[in-house]
Amino acid sequence: LGRMKPVIVVHGGAGRIFKEREEGCRAGVVRAALRGYALLKQGGSAVDAVEEAVRSMEDDPHFNAGCGSVLNVKGEVEMDAIIMDGKNLDSGAVSAVKCIANPVKLARLVMEKTKHMLLTDRGAHLFAQAMGIPEIPGEKLITERSRDRWKKNLEPDSNPEEFQKDLGTVGAVAIDSEGNVACATSTGGLSNKMTGRVGDTACIGSGGYADNHSGATSTTGHGESIMKVVLARLILYHMEQGMSPEVAADTALDYMKTRVGGLGGVIVVNKAGEWAARFSTKQMSWATVKDDNLHYGIYAGEKHIKSVDEALACEREGF
């Protein structure tokens, strides 16, 4: 069997990235992609790589996932995450989880240690305890930025919709040397959302989908719109019809925009290892590593390329 060249693609959320946060977002997606790729190079699985990449971004306060998640209407962090293995279509997800650092890790445990696919709120909490996942105080996940945004959104004349634009869900897709694909997605959801609101991230086929027969994708953007068109699965359907990852992504994003007025972004890898990072929002932070080359960008048409060695050297010096 010809071994596949591993590929990883990550996103740090579609929307509007404020100038002062651009560098941090770029550095964060690059770091996540390099970490996932390092695992793949050592012969690690696609599932390991996407989990590692997403965990790296959950721990980075620049992104709306894990630490740095936005707050719901009651001022709490409630997070959603999913992971999926393209080999056998196994998936695990959690929704409305509180007080844990890495929801993607819990999603993976749901996939591997239960017969179920999605655990929510209290049940997810009990399962995390049973699995020995350390509980952390909710405040530990709250950044000053999230709290300020929450307060602004509570003001009578505020328009939370305006602030939703930098959504910052995080995700990763990968193909490993065995040719297996996987995806993972994690988010804090929408700022000032109703308690118990679950978006697309935890929903298989919407927040992500992975199938060795076609490829893998992870999505970001307006959750309710993504759910209406089942965006991740729609992209893979287009690839099954023969479209390239880029055309499939653009076609699906275009449909979501015209049909339900929703904006978003996606990352895709197909079973041949071709990839795409596409978005209908103003921006999306993304990075990919293939053939020991790192590509990354935030704006439409922006694409920086560095060798992995050069990128790792920059990492050590601190971007």
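Residues numbered from 1 in each chain as written. Predicted model: local features only at pLDDT ≥ 70, side-chain atom pairs only at ≥ 80, totals over all residues. Heavy atoms only, no water.

### What to know about the side chain of Glu78
- Tracing the backbone shows Glu78 in the loop between α2 (46–58) and β2 (79–85).
- For Glu78, a relative accessible area of 1% puts it in the buried group.
- One polar contact links Glu78 to Asn72, side chain to side chain, over a distance of 3.4 Å.
- Among the polar contacts made by the side chain of Glu78, one reaches the main-chain amide nitrogen of Gly196 at a distance of 3.0 Å.
- In this structure Glu78 touches Asn72, Ala96, Val97, Lys98, Thr187, Gly188, Lys193, Met194, Thr195, Gly196 and Arg197, once residues within four positions along its chain are discounted. (Helix = DSSP H or I, 4+ residues; strand = E, 2+ residues; numbered from the N terminus. Buried < 20%, exposed > 50% of the residue type's maximum accessible area, 1.4 Å probe, protein only. Polar contact = N/O pair within 3.5 Å; in protein donor to acceptor, adjacent residues only side chain to side chain. Contact = heavy atoms within 4.5 Å.)

### Observations regarding the UniProt feature "binding site: substrate" (unreviewed entry) in the protein chain
- UniProt tags Arg197, Val198, Gly199, Asp200, Thr220, Gly221, His222 and Gly223 as "binding site: substrate" (unreviewed entry). Lining the second largest cavity, from the residues just named, are Arg197, Gly199, Asp200, Gly221 and Gly223.
- With respect to the helices and strands, the residue Val198 is situated in the loop between β6 (181–187) and β7 (208–211).
- Residue Val198 is classed as partly exposed on the basis of its relative accessible area of 27%.
- In this view, Val198 contacts Asp80, Ser95 and Met227; residues no more than four positions away in its chain are not counted.
- Within the element layout of this structure, Thr220 appears in strand β8 (residues 215–221).
- Other than its neighbours up to four places away in sequence, Thr220 contacts His11, Gly13, Ala14, Thr169, Ile226, Gly264, Gly265 and Met284.
- Engagement of the side chain of Thr220 in a polar contact is seen with the backbone nitrogen of Ala14, the distance being 3.0 Å. (UniProt positions renumbered as here; feature names shortened; annotations may be inferred. 1 Å grid on protein atoms, 1.4 Å probe; cavity = no way out; pocket = protein on both sides within 12 Å on 5 of 7 lines; lining within 4 Å.)

### Some points on the state of the cysteines
- Counting across every chain of the model gives 0 disulfides.
- Of all cysteine sulfurs in the structure, the one in Cys99 sits closest to Cys67, which takes part in no disulfide; the separation is 13 Å.
- By relative accessible area, which is 22% here, Cys67 ends up partly exposed.
- Free cysteine Cys203: the closest other cysteine sulfur is in Cys183, separated by 13 Å. (Disulfide = S-S within 2.5 Å.)

### Here we look at helix α4 (residues 121–130)
- All of the buried residues in α4 are Ala124, Phe127 and Ala128. Across the axial projection of α4, the buried residues extend over an arc of 100 degrees, all falling on one side. Exposed and oriented more than 90 degrees from the buried face of α4 are Arg122 and Ala130.
- A positive phi of about 75 degrees marks Gly132, the residue just after α4. (Arc of directions from axis to C-beta.)

### What to know about the packing of aromatic side chains
- All told, the structure shown has 1 aromatic pair when counted by the stated rule.
- Taken together, a centroid distance of 5.6 Å and an interplanar angle of 40 degrees make the contact between Trp275 and Trp286 tilted. Of this pair, Trp275 sits in strand β10 (residues 275–279) while Trp286 sits in strand β11 (residues 283–290), and the two are 11 residues apart along the sequence. Neither residue differs from the other here; Trp275 and Trp286 are each classed as buried. (Phe/Tyr/Trp six-rings, centres within 6.5 Å; stacked < 30°, edge-to-face > 60°.)

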